[in-house]
Amino acid sequence: MRIAVTSVSGQLGSAIAKYLISEIGKENVIGIARTPEKAKHLGIQIRKGDYNSRQEFDQALLGVDVVLLVSGMDTPDKRIQQHRNVIEAAKINGVKKIVYTSIVGNEEQNSFTPIVESNRQTEKDIQNSGLQWSIGRNGIYIEPDIEYIDNYVQAGEIRNCAGEGKCAYTSRNELGYAYTKMLTEEKHNNNIYNLVGEPITQKQLASYINQVYNTELEFKAISVEAYKQERIAELGEFMGTVITGIYEGILNGAYNVKSNFQKAAGRAHQSTLDVIKQLKLS
């Protein structure tokens, strides 16, 4: 079985590729990247594939049995067609199965809703493709909070608009493990899984970070509008609005969902505390 991983130069794609290599051997894993040079460190065959180019994917998926489609990072209005380029190329190349990295989230209107909706459309496109499929809905990554610790420490707090809402976080490492099972085991065909850990509040998140990093962070809740203005000022209109939508979603319960991780991975998701400990060591 030859498995291709798109966006393999990215953090999620490379995490999945590394688990696949250990599972089925590097000779059976093909990486696809818009800039192949950025993925050569993986030690596998890397093919060029830009989501905007159907022609490149017609070539990139030659001889592939299963493809892992990592959701694109472009604006929602562009993602649907970009993903369709991969789906159509898979069909003409005789690919047997597509596994898609979607996201958890509901349709409640906030500034993250267009991204959720674009992912749901790709889910439908894959289900209607005539191929075998499996879909993971990723939880919110914990890594950005860890990468942001210095900023939190400088401020003395974790500050956002999530209030008392709970978020079932995950990590790219945990996802890499689960997607490898979904890619290699037929029992996952035609299933959609919420790939998340246990739901926690922002106050609990601060407590876990304090335990691992010996910090003294507190959580401060602010309004959605105030947080939006802060994020836009720091990150720009698009990313600031997206990040605000994520935390507004936490406030409204969009990420307080039942986990199907055990069913997908064959083991329980690591606790958030253990994930944070692992990230500190990595």
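This structure is a prediction, so every number in the text was calculated from the model and none was measured.

(A) View of the nonpolar core. Counting residues in each nonpolar core, the largest one holds 48 residues, and the members touching the most others are Leu 61 and Leu 195. In contact with Leu 61, not counting residues within four places along its chain, are Ala 4, Ile 32, Arg 47, Val 67, Val 86, Ala 89, Ala 90, Asn 93 and Val 95.

(B) Structural view of the pattern of salt bridges. One pass over the structure, following the stated rule, counts 13 salt bridges. A salt bridge links Lys 91 to Glu 88; the nearest nitrogen and oxygen atoms lie 3.6 Å apart. Of this pair, Lys 91 and Glu 88 both sit in helix α3 (residues 76–92), three residues apart, which is roughly one turn of that helix. By relative accessible area, which is 36% here, Lys 91 ends up partly exposed.

(C) Region of the structure containing the sheet that holds strand β4 (residues 66–70). Read across the open sheet, the seven strands follow the order β3-β2-β1-β4-β5-β6-β9; overall the sheet is parallel. Looking along the sheet, the strands with just one partner apiece sit at the ends: β3 (45–48) and β9 (192–195). Strand-to-strand, the axes of this sheet are offset by a mean angle of 20°, without reference to chain direction. Running at roughly 160° to strand β1 (residues 3–5), helix α1 (residues 11–24) makes contact with β1, β2 (29–33), β4, β5 (97–103) and β6 (132–138) of the sheet. Relative to β5, helix α4 (residues 113–127) is tilted by about 165°, and along the sheet it contacts β4, β5, β6 and β9.

(D) Representation of the environment of Asn 52 in the model. Assignment of secondary structure puts Asn 52 in the loop between β3 and α2 (54–60). Linking Asn 52 and Asn 173, residues 121 residues apart in sequence, is a C-alpha distance of 28 Å.

(E) Summary view of the packing of aromatic side chains. Enumeration over the complete set of coordinates arrives at four aromatic pairs. Relative to Phe 57, the ring of Tyr 51 has its centre 5.8 Å away and its plane inclined at 20°; by these criteria the two rings are stacked. Accessibility assignment for this pair places Tyr 51 and Phe 57 in one class, buried. Where Tyr 227 meets Tyr 247, the ring centres are 5.5 Å apart and the plane angle is 75°; that geometry is what we call edge-to-face. Residue Tyr 227 is found in helix α9 (residues 224–235), and its partner Tyr 247 is found in helix α10 (residues 237–251); the two are separated by 20 residues along the sequence.

What counts, and at which threshold
Residues numbered from 1 in each chain as written. Predicted model: local features only at pLDDT ≥ 70, side-chain atom pairs only at ≥ 80, totals over all residues. Heavy atoms only, no water. Core = buried A, V, L, I, M, F, W, Y, C linked by side-chain atoms within 4.5 Å. Buried < 20%, exposed > 50% of the residue type's maximum accessible area, 1.4 Å probe, protein only. Contact = heavy atoms within 4.5 Å. Salt bridge = Lys/Arg side-chain N within 4 Å of Asp/Glu carboxyl O. Helix = DSSP H or I, 4+ residues; strand = E, 2+ residues; numbered from the N terminus. Pairing = 2+ DSSP bridges. Axes fitted to C-alpha atoms, helices over the stretch in contact; angles between N-to-C directions. Phe/Tyr/Trp six-rings, centres within 6.5 Å; stacked < 30°, edge-to-face > 60°.

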